Amino acid sequence: MRIVLVGAPGAGKGTQAKFISKHFAIPSISTGDMFRAHLASETKLGMAAKRFMDVGELVPDEVTIDIVRDRLAQPDAANGFLLDGFPRTVPQAEALSKLLAERGTPLDVVLELQVDNDEVVSRLSGRRTCSTCGRVWHLDFDPPREVGKCDVDGGELFQRDDDLPETILRRLDVYAEQTEPLVAYYRDACLLQSIAAHGALEDIAERAIEALEAAPRRT
Ligand SMILES: [Zn+2]
């Protein structure tokens, strides 16, 4: 099964990627992991990407798609894959379609995790970070024993700017604006399956797997 996973910040994409990857016995592939692997082993592609990252520029799509091509050629991806964080734009989606067409392995499904903005805000704005060890607590789901203090080292907890409601809403807006064309592209290609990503993680996973199982395979 060949899957692309898309979802807003706070949709629990990482957790769902793990569930799906385990269920279908396919690797979950994120661009971040791929870049880190290439940078760590100082490959030609890694060095090509680094030239742009060093000067704070976006890595060009040609380099990213080469890194994706290289990753998909590895044996663990022979029976499929789940791509998380790529593609992000329509040109990247087109490049991916071309690459997969060359390999004769088209995408089966694009799964979109849909979130309710209010729920994301209430979920993320409860996060508190330890100023000493950096561990993240949650006022509702993972509270420390003592209010405002880290259980591990007693460090003071604070709210990161990223976890402030206004920052979260802004990120959700930016995400929606950037992702709408990508989602429309996959909808037009009849690849899109959307599920509601609210409620318990296990329930979301169940909906995700149900939607994926129901999607027609392309090969
Ligand atoms: Zn701590």
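Criteria and thresholds
- Residues numbered from 1 in each chain as written.
- Predicted model: local features only at pLDDT ≥ 70, side-chain atom pairs only at ≥ 80, totals over all residues.
- Helix = DSSP H or I, 4+ residues; strand = E, 2+ residues; numbered from the N terminus.
- Rg over C-alpha atoms; globule rule 2.2 N^0.38 Å.
- Buried ≥ 20, exposed ≤ 12 C-beta atoms within 10 Å, placed from the backbone.
- Contact = placed C-beta atoms within 7 Å.
- Expected span 1.5 Å × (residues − 1).
- Arc of directions from axis to C-beta.
- Pairing = 2+ DSSP bridges.
- Axes fitted to C-alpha atoms, helices over the stretch in contact; angles between N-to-C directions.
- Parallel < 35°, antiparallel > 145°, perpendicular 65-115°, else oblique.
- Left-handed = near helix turned anticlockwise from the far one by under 90°.
- Nonpolar A, V, L, I, M, F, W, Y, C, P; charged D, E, K, R; others polar.
- Core = buried A, V, L, I, M, F, W, Y, C linked by C-beta atoms within 7 Å.
- pLDDT = per-residue confidence, 0-100.

*Asks:* Give a description of the overall build of the protein that names residues and reports values.
*Replies:* A tally of regular secondary structure across the protein gives eight helices and eight strands. Its C-alpha atoms give the protein a radius of gyration of 19 Å, within 12% of the compact-globule value 17 Å for 219 residues. Counting across all 219 residues of the protein, residues that qualify as buried make up 26%. Contacts spanning at least 24 positions in sequence make up 69% of the contacts within the protein whose residues lie at least 6 apart.

*Asks:* How would you summarise helix H8 (residues 201-214) if you had to cite specific residues and measurements?
*Replies:* With 14 residues, H8 should reach 20 Å at 1.5 Å per residue; the first-to-last C-alpha distance of 20 Å fits that figure. Among the residues making up H8, those that are buried are Ile-204, Ala-208 and Leu-212. Each buried residue of H8 sits inside an arc of 65° when the element is viewed along its axis, so together they form one side. Turned more than 90 degrees away from the buried face of H8 sit Glu-202, Asp-203, Glu-210, Glu-213 and Ala-214, all of them exposed. Check the buried side of H8 and you find it contacts strand E1 (2-7), helix H1 (13-24), strand E4 (109-114) and strand E8 (192-196).

*Asks:* Give a detailed account of the pairing of E4, specifying residues and quantitative values.
*Replies:* The buried fraction of E4 is high, at five of six residues. Looking at chain direction, E1 and E4 are connected through five bridges and run parallel. Within E4, the position partnered with Ile-3 by the bridge is Val-109.

*Asks:* Break down the packing of H1 against H8 for me, citing the residues and quoting the values.
*Replies:* Packing of H1 against H8 leaves a shortest axis separation of 10 Å and a crossing angle of 50°. On the basis of their axis angle, the class for H1 and H8 is oblique. In this structure, H1 meets H8 at a crossing whose hand is right-handed. Mapping the contact onto sequence places Thr-15, Gln-16, Phe-19, Ile-20 and His-23 in H1 and Leu-201, Ile-204, Ala-205, Ala-208, Ile-209 and Leu-212 in H8. Classifying every residue of the contact of H1 with H8 gives eight nonpolar, three polar and no charged.

*Asks:* Explain the sheet that holds strand E6 (residues 136-138) to me, using residue names and the numbers behind them.
*Replies:* Read across the open sheet, the three strands follow the order E6-E5-E7; overall the sheet is antiparallel. Of all the strands in the sheet, the pair left with one neighbour each is E6 and strand E7 (157-158). With three bridges joining them, strand E5 (residues 127-130) and E6 adopt antiparallel strand pairing. Note on E6: the bridge partner recorded for Arg-127 is His-138.

*Asks:* An account of the environment of Asp-162 is requested, with residue identities and associated values reported.
*Replies:* Mapped onto the secondary structure, Asp-162 falls in the loop between E7 and helix H7 (165-188). Once the C-alpha coordinates of Asp-162 and Ser-28 are considered, the two residues, 134 residues apart in sequence, prove to be 26 Å apart.

*Asks:* Before we move on, can you summarise the environment of Cys-190 with the specific residues and values?
*Replies:* With respect to the element layout, Cys-190 can be found in the loop between H7 and E8. Once the C-alpha coordinates of Cys-190 and Gly-134 are considered, the two residues, 56 residues apart in sequence, prove to be 43 Å apart.

*Asks:* So what's going on with the pairing of strand E3 (residues 81-84)? Residues and values would help.
*Replies:* Taking every second residue as pointing to the same face, both faces of E3 are buried, with Phe-81 and Leu-83 on one and Leu-82 and Asp-84 on the other. The pairing of E1 with E3 spans four bridges and is classified as parallel. Across the sheet, residue Val-4 finds its bridge partner in E3, namely Leu-83.

*Asks:* Outline the nonpolar core, supporting the account with residue identities and numerical values.
*Replies:* The biggest cluster of nonpolar side chains holds 40 residues, and the ones touching the most others in it are Ile-3, Leu-5, Leu-82, Leu-83, Val-110 and Leu-111. Excluding anything up to four places from it in sequence, Leu-5 contacts Lys-13, Ala-17, Leu-82, Leu-83, Asp-84 and Leu-111.

*Asks:* Now, about the confidence of the model for the protein: what can you tell me, with residues and values included?
*Replies:* Residues at a pLDDT of 70 or more form 100% of the protein, whose mean pLDDT is 93. Ranking the helices and strands of the protein by mean pLDDT puts E7 first, with 97, and helix H6 (residues 117-124) last, with 88.

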